[in-house]
Amino acid sequence: MLNAIGQDMNDMQRAIDIVRAGGLVAFPTETVYGLGADATNDLAVARIFEAKQRPHFNPLIAHVTDVEEAFALAEFPAAALTLAAKFWPGPLTLVLPRQAGCAVSLLASAGLPSIALRVPQHPLALELIRASGRPIVAPSANPSGKISPTTADHVREGLGEKVAMILDGGPCAVGLESTVVSLLDDAPRLLRAGGLPRDMIEDVLGRKLQGPANGPLHAPGQLASHYAPRAQMRLNATQWQDGEARLGFSAMDAPLNLSRSGNLVEAAANLFAMLHQLDGQGAALIAVAPIPDISLGEAINDRLRRAAAPRA
Ligand code: TXA
Ligand code: MG
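On a predicted model such as this, the values are computed, not experimentally measured, just so you know.

(A) Seen up close, the domain arrangement of the protein. Under the domain assignment, the protein is made up of domain 1 (9-205) and domain 2 (232-308). Domain 1 and domain 2 are separated by 26 Å when their C-alpha centres are compared. The interface of domain 1 with domain 2 comprises 20 residues on the first partner and 14 residues on the second. Area buried by domain 1 at its contact with domain 2 is led by Ile-147, Leu-176 and Ala-193, which between them contribute 42% of it. On inspection of domain 1 and its partner domain 2, the count reaches two salt bridges. For the pair domain 1 and domain 2, the interface holds five residue pairs in polar contact (both at pLDDT 80 or more). At the level of elements, helix 6 (152-159) and strand 9 (189-192) are the ones that each hand at least two residues to the side of domain 1 that touches domain 2. Residues of the side of domain 1 that touches domain 2, tallied by class, amount to 10 nonpolar, six polar and four charged.

Next up, the structure:
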């Protein structure tokens, strides 16, 4: 039987039961698929690091259904209230001081005094969090360092048996992870470009976003090599060369084109799915057309640079 949002109720009930029992459920958000677990259960959180082979120093985002729930977990300076009111639910993660008595496992914060919070904009994600009755930690549902998943099939290919269940919500609308902004000191800082463009945040705050503060404590997840396909990558290709797989953009055309009309929203939504597809074809080298470094192009170029970086 289907519920109001078209999901098989038995699937949703099973997902809720798994989360409550400390298991892992992959679920759709508007950005990418997340690998979810009960944020308040240390063992469940540890299972996420294990399944993804994720380094323990890289903390997780806790997902909640609204800002009131977030108040119990973190302190909200004025700028955080402004951003949450404007952009939640949506592709924005706020890094804030942990509230005294915060129920989220310290493992999820990787031992830091801060916590990353987000309200996702997807009915299945919101229903899973609400009905489980607890915050859900969820990194992108891919093996650490690999391309992020924007369909249930990507999750299946990447994590297979390691996830008890995948809630299938079809392809993700945004296609890039959330923008991560830290509000731990006086300067709002952009820790990760993502699905919410920088200029929209700066407009609402009335000031520029700074870069990450120095030191691993402030931007623990910014690993040079990430989102890596098996293939090597050649970026900013202005001519195609023989023998390489091609990812076009705008007039720099190819059978797979991120957006023939040069639309960055469309390009973001296509990026990971097209990288998965080209990589699946077994190419040794993927060449990518230049993407303008404005608006969502900043996050697209960030992902492409990390995909092209030398692998550890
Ligand atoms: O769109 C998204 O954000 C997706 C969906 C599932 O919500 N999740 C996601 O999670 O991309 P993940 O784990 O792949 O990326 C989380 C990012 C990492 O760069 C991590 O280092 C950063 O957020 N982060 C988490 N907690 C932090 C903290 N306390 N301080 C600084 N950075 C933090
Ligand atoms: Mg990730």
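Read on for the rest.
(B) Quick look at the pattern of salt bridges. Tallied over the full model, the rule gives 13 salt bridges. One salt bridge in this structure joins Asp-38 and Arg-134, with 3.0 Å as the shortest N-O distance. With Asp-38 in strand 2 (residues 34-38) and Arg-134 in the loop between helix 5 (123-132) and strand 6 (136-137), this residue pair connects regions lying 96 residues apart in the sequence. By relative accessible area, which is 22% here, Arg-134 ends up partly exposed. The salt bridge involving Arg-156 is made with Asp-153; its shortest N-O contact spans 2.6 Å. Of this pair, Arg-156 and Asp-153 both sit in helix 6, three residues apart, which is roughly one turn of that helix. Judged by relative accessible area, Arg-156 falls into the partly exposed class, the value being 44%. Salt bridges here are not isolated pairs; linked through shared partners, they connect Glu-177, Asp-302, Arg-303 and Arg-306.

(C) Spatial organisation of the packing of helix 8 (residues 264-280) against helix 9 (residues 297-308). For the pair helix 8 and helix 9, the least separation of the axes is 9 Å and the interaxial angle reads 25 degrees. Regarding the angle of helix 8 to helix 9, the classification is roughly parallel. Read as a crossing pair, helix 8 and helix 9 show a hand that is left-handed. Note on element contacts: helix 9 touches helix 8 through Gly-297, Ile-300, Arg-303 and Leu-304, opposite Leu-264, Ala-267, Ala-268, Leu-271 and Phe-272.

(D) Representation of the sheet that holds strand 8 (residues 179-182) within the structure. Taken in spatial order, the nine strands make up an open sheet running 7-1-2-6-3-5-4-8-9, and their pairing is mixed. Here the strands that pair on one side only, and so sit at the sheet edges, are strand 7 (165-166) and strand 9. Pairing analysis gives two bridges linking strand 1 (residues 25-27) to strand 7, with the strands arranged parallel. The residue bridging Ala-26 from the neighbouring strand is Ile-166, located in strand 7.

(E) Up close: the pairing of strand 5 (residues 114-118). With respect to burial, strand 5 is a largely interior element, five of its five residues being buried. A two-sided burial pattern is seen for strand 5, the buried positions comprising Ser-114, Ala-116 and Arg-118 on one face and Ile-115 and Leu-117 on the other. Direction of pairing for strand 3 (residues 61-63) relative to strand 5: parallel, over a ladder of three bridges. Bridged to Ala-62 within strand 5 is Leu-117. The pairing of strand 4 (residues 92-97) with strand 5 spans four bridges and is classified as antiparallel. By the bridge assignment, Val-95 is partnered in strand 5 with Ala-116.

(F) Structural context of the side chain of Glu-177. Relative to the helices and strands, Glu-177 resides in the loop between strand 7 and strand 8. Judged by relative accessible area, which is 4%, Glu-177 ranks as buried. Glu-177 has contacts with Thr-31, Val-32, Ser-148, Arg-192, Gly-194, Gly-195, Tyr-227, Phe-272 and Arg-303, leaving out every residue within four places of it along the chain.

(G) Representation of the site of ligand 1 in the model. Lining the immediate surroundings of ligand 1 are 26 residues, of which Thr-31, Arg-54, Asn-58, His-63 and Ser-178 lie closest. Separating an oxygen atom of ligand 1 from a side-chain N or O atom of Ser-178 is a distance of 2.5 Å. For ligand 1, the protein covers 97% of the area, taking 680 Å² as the surface of the free molecule. Broken down by element, the residue count for the shell around ligand 1 peaks at three residues, all from strand 5. In terms of residue class, the shell around ligand 1 is made up of 12 nonpolar, 10 polar and four charged.

So, how was this worked out
- Residues numbered from 1 in each chain as written.
- Chains lettered and ligands numbered in written order.
- Predicted model: local features only at pLDDT ≥ 70, side-chain atom pairs only at ≥ 80, totals over all residues.
- Heavy atoms only, no water.
- Domains from an automatic or database assignment.
- Contact = heavy atoms within 4.5 Å.
- Buried area = accessible area lost by both parts, 1.4 Å probe.
- Salt bridge = Lys/Arg side-chain N within 4 Å of Asp/Glu carboxyl O.
- Polar contact = N/O pair within 3.5 Å; in protein donor to acceptor, adjacent residues only side chain to side chain.
- Helix = DSSP H or I, 4+ residues; strand = E, 2+ residues; numbered from the N terminus.
- Nonpolar A, V, L, I, M, F, W, Y, C, P; charged D, E, K, R; others polar.
- Buried < 20%, exposed > 50% of the residue type's maximum accessible area, 1.4 Å probe, protein only.
- Axes fitted to C-alpha atoms, helices over the stretch in contact; angles between N-to-C directions.
- Parallel < 35°, antiparallel > 145°, perpendicular 65-115°, else oblique.
- Left-handed = near helix turned anticlockwise from the far one by under 90°.
- Pairing = 2+ DSSP bridges.
- Near = heavy atom within 4 Å.
- Areas by Shrake-Rupley, 256 points an atom, 1.4 Å probe, with all protein chains shown as cover.

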